[in-house]
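The residues making up each chain are set out below.
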Amino acid sequence: MIDHFAHKANDWDQPEKIRMSEKFVEELMKLVDIEPQWKAFEIGAGTGLVGLKLLPMLKSCVFEDTSEAMLDVLRTKVSGLSNVEILHGEVSEYTRPDIDLIISNMAFHHIPDIAATLHHLHTITTSGAVVVVSDLRAEDGSFHYFEPIPHRGFDTENLAVIFRKAGFLIEVLKTYNIIHKKQPSGTIGDYEQFILKAHKL
Ligand SMILES: C[S@@+](CC[C@H](N)C(=O)[O-])C[C@H]1O[C@@H](n2cnc3c(N)ncnc32)[C@H](O)[C@@H]1O
C-alpha cells in the first residue's frame, strides 16, 4: 500500500488544517447529541484532529487510516489512553458490529469504492447509528492538481443515492464551509465543503 501522506504527516497539524477540523466538529456538534456510551469510528482519521476533539464525549473511538505515517503522529498524542483503538488499513478490515457513530473529514475523496465502503459500514454499525461525513462538493480537479485521487469531490445528489442504497437515511446535506486554496497559477480557487448526516435504517 503506497502511503500518499508519508511526506505530509509530520507537518499536517498546521493552523489551517486545525481550523478546518474545528469547523467540522463545530458543525457536527450542532447536528448530533453525542451520547457518552457511544463507540465511534473515524474513517481517514489522519493525525486525529477531529476524533480527539470528540473523544472526551465518547466511550471510545477507533481511528482508522491507510497512512502509517499519519497514524504515527496520532500515536504520539494518545499514548496511555485506554479508550482509543488505532487501525492501520481499510475500513473493511474492521468487522465488529459495535459502532454507534461514524465520522469522516475530507477522507471520502480518497476512497475508491464508496458504495462498498458504505455497505461495509452498515455491517459494523448498531441500530440507528449516526454517520457524519464532510468532504468537497464536485470540483474540476484543481484541488488535488499535484496528485491523482479517486474522486474530484462529490456530486452530493449521487452520493445521497449511494447512502440510501446502503441502508442509511440522509437527514442533513448542506454546504458549511468554503476552502480558499491557492493554485500554481497564483489564482485562488473556492471549494465548497458539504456536511452529511445520516442514520442507519
Ligand atoms: C485530507 S486527509 C484528512 C485527515 C483528517 N481526517 C483530518 O481532518 O485532518 C485524508 C486522510 O485520508 C486517508 N486515506 C486515504 N485513503 C484512505 C482510505 N482508502 N481509507 C481510509 N483513509 C484513507 C489519508 O491517509 C489521510 O490521512
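Rules and cut-offs
Residues numbered from 1 in each chain as written. Predicted model: local features only at pLDDT ≥ 70, side-chain atom pairs only at ≥ 80, totals over all residues. Pairing = 2+ DSSP bridges. Helix = DSSP H or I, 4+ residues; strand = E, 2+ residues; numbered from the N terminus. Axes fitted to C-alpha atoms, helices over the stretch in contact; angles between N-to-C directions. Buried ≥ 20, exposed ≤ 12 C-beta atoms within 10 Å, placed from the backbone. Near = placed C-beta within 6 Å. Nonpolar A, V, L, I, M, F, W, Y, C, P; charged D, E, K, R; others polar. Core = buried A, V, L, I, M, F, W, Y, C linked by C-beta atoms within 7 Å. Contact = placed C-beta atoms within 7 Å.

Student: Account for the sheet that holds strand 5 (residues 125-136), naming residues and giving values.
Tutor: Strand order in the open sheet made by the 7 strands is 3-2-1-4-5-7-6, with mixed pairing throughout. Pairing within the sheet leaves two strands with one partner each, and these edge strands are strand 3 (84-88) and strand 6 (168-182). Across the sheet, the axes of successive neighbouring strands diverge by a mean angle of 15°, strand direction being ignored. As paired strands, strand 1 (residues 39-43) and strand 4 (residues 99-105) are joined by 3 bridges and run parallel to one another.

Student: Run through the environment of Gly-167, naming residues and quoting values.
Tutor: Along the chain, Gly-167 turns up in the loop between helix 5 (156-165) and strand 6. Once the C-alpha coordinates of Gly-167 and Thr-76 are considered, the two residues, 91 residues apart in sequence, prove to be 36 Å apart.

Student: Outline the pairing of strand 4, supporting the account with residue identities and numerical values.
Tutor: Counted residue by residue, strand 4 has 7 buried out of 7 residues, so it is predominantly covered. Pairing of strand 4 with strand 5, which is carried by 6 bridges, proceeds in the parallel orientation. Looking across to strand 5, one finds that Ser-104 is bridged to Val-133.

Student: For the site of the ligand, give the residues involved together with the corresponding values.
Tutor: The local shell around the ligand holds 19 residues, among which Gly-44, Gly-46, Ser-67, Ala-107 and His-110 are the closest. Within the shell around the ligand, the residues separate by chemical class into 9 nonpolar, 7 polar and 3 charged.

Student: Kindly report on the environment of Phe-146, identifying the contributing residues and their values.
Tutor: Inspection of the secondary structure assignment puts Phe-146 in the loop between strand 5 and helix 5. A residue is classified by how many C-beta atoms lie within 10 Å of it, and Phe-146, with 7 of them, is exposed. For the pair Phe-146 and Pro-184, spaced 38 residues apart in sequence, the C-alpha separation works out to 9.6 Å.

Student: Give a description of the nonpolar core that names residues and reports values.
Tutor: Phe-41, Leu-101, Ile-102, Ile-103, Val-131 and Val-132 are the most contacted members of the largest nonpolar core, which has 47 residues in total. Take this core: its biggest share by element is 6 residues, from strand 5. When near neighbours in sequence (up to four residues on either side) are disregarded, Phe-41 contacts Val-62, Glu-64, Tyr-94, Ile-99 and Ile-102.

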